[in-house]
Amino acid sequence: MDCELRRIEKQALPTIKPLWEQLNKLHLADSRFFKDYYEALLFETRSGKFKTLAEDDVFIEGVFPMGSDRPVGYCISTVNHAVGEIDSLFVEEGYRKHGYGGMLVDHSIRWLK
């Protein structure tokens with residue numbers, strides 16, 4: 001699968017909402033102790049953290065099939081008060097096992113450093 005990784009600006013965060021919702025469903029299905037949390041969690045609530053941070057403190061990168069503007073994967077990393085973390089990572093099932101998740105993590109770690 002030919003895809004490219006592209007930076008997603010913070011204001012375009014809603015483009016990953018369908019992917020984040022897939023991730024939340026996976027967490028809900030796998031969770032033994034936090035089902036209530038995942039059932040109630042909305043993208044708008046979760047993404048609120050990223051909206052409060054400065055543009056330079058949020059790194060969002062997406063996996064895009066060649067010629068498409070619809071991401072099939074993403075990684076969000078943040079720095080807040082000198083503490084960096086990878087906040088969220090997801091790649092659609094049909095695009096897994098091609099190394100895209102690893103590339104997203106590698107780019108995020110480089111950005112965090």
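These figures come from a predicted structure and were not determined experimentally.

*Asks:* What is the right way to read the environment of Ala12 from this model?
*Replies:* Locating Ala12 in the fold gives a position in the loop between strand S1 (3-7) and helix H1 (17-30). On the accessibility criterion, Ala12 (27% relative accessible area) is partly exposed. Considered as a pair, Ala12 and Leu23 are eleven residues apart in the sequence and their alpha carbons are 18 Å apart.

*Asks:* Looking at this structure, I do not really get the environment of His81. What am I missing?
*Replies:* Mapping His81 onto the fold places it in the loop between strand S3 (73-80) and strand S4 (83-91). Looking at His81, the relative accessible area reads 73%, which means it is exposed. C-alpha separation for the pair His81 and Leu28, spaced 53 residues apart in sequence, amounts to 30 Å.

*Asks:* Would you mind going over helix H3 (residues 43-52) with me for this structure?
*Replies:* Given 3.6 residues to a turn, an α-helix orients residues that are three or four positions apart in the same direction. Among all positions of H3, only Phe43, Ser47 and Phe50 are buried. The arc that holds every buried residue of H3, seen down its axis, measures 30 degrees, which confines them to one face. Those residues of H3 that are exposed and angled more than 90 degrees off the buried face are Thr45 and Thr52. The inward-facing, buried residues of H3 contact H1, strand S2 (58-65), S3 and S4.

*Asks:* What's the story with the pattern of salt bridges in this structure? I'm lost.
*Replies:* It is possible for side chains of opposite charge to pair when their charged atoms get near one another. This model, assessed by the stated rule, comprises six salt bridges. A salt bridge links Arg6 to Glu4; the nearest nitrogen and oxygen atoms lie 3.0 Å apart. Since its relative accessible area comes to 31%, Glu4 is described here as partly exposed. Across the salt bridge formed by Arg6 and Asp69, the nearest N and O atoms sit 3.4 Å from each other. In this pair, Arg6 sits in strand S1 while Asp69 sits in the loop between S2 and S3, placing the two residues 63 residues apart along the sequence. By relative accessible area, which is 25% here, Arg6 ends up partly exposed. Owing to a relative accessible area of 67%, Asp69 belongs among the exposed residues under this scheme.

*Asks:* Quick question: what am I supposed to make of the sheet that holds S2 here?
*Replies:* What links the strands of a sheet is backbone hydrogen bonding, and the strands pair in either a parallel or an antiparallel sense. What the four strands build is an open sheet, ordered S1-S2-S3-S4; its pairing is antiparallel. Edge strands, defined here as strands with exactly one partner in the open sheet, are S1 and S4. This sheet shows a mean twist of 15 degrees between the axes of neighbouring strands, independent of strand direction. As paired elements, S1 and S2 share five bridges and run antiparallel to each other.

*Asks:* When you look at empty space enclosed by the protein in this model, what are you seeing that I'm missing?
*Replies:* The probe, sized like a water molecule, is rolled over the atoms to show the empty space still left. Summed over the entire model, instances satisfying the criterion amount to one cavity of 30 Å³ or more. The calculated volume of the largest cavity comes to roughly 30 Å³. Lining the largest cavity are Ile16, Trp20, Phe43, Arg46, Ser47, Phe50, Ile76 and Ser88. At four residues, H3 tops the list of elements feeding residues into the lining of the largest cavity. Partitioning the lining of the largest cavity into residue classes produces five nonpolar, two polar and one charged.

About the thresholds
Residues numbered from 1 in each chain as written. Predicted model: local features only at pLDDT ≥ 70, side-chain atom pairs only at ≥ 80, totals over all residues. Heavy atoms only, no water. Helix = DSSP H or I, 4+ residues; strand = E, 2+ residues; numbered from the N terminus. Buried < 20%, exposed > 50% of the residue type's maximum accessible area, 1.4 Å probe, protein only. Arc of directions from axis to C-beta. Contact = heavy atoms within 4.5 Å. Salt bridge = Lys/Arg side-chain N within 4 Å of Asp/Glu carboxyl O. Pairing = 2+ DSSP bridges. Axes fitted to C-alpha atoms, helices over the stretch in contact; angles between N-to-C directions. 1 Å grid on protein atoms, 1.4 Å probe; cavity = no way out; pocket = protein on both sides within 12 Å on 5 of 7 lines; lining within 4 Å. Points joined across faces, edges and corners; volume = space filled by probe spheres on them. Nonpolar A, V, L, I, M, F, W, Y, C, P; charged D, E, K, R; others polar.

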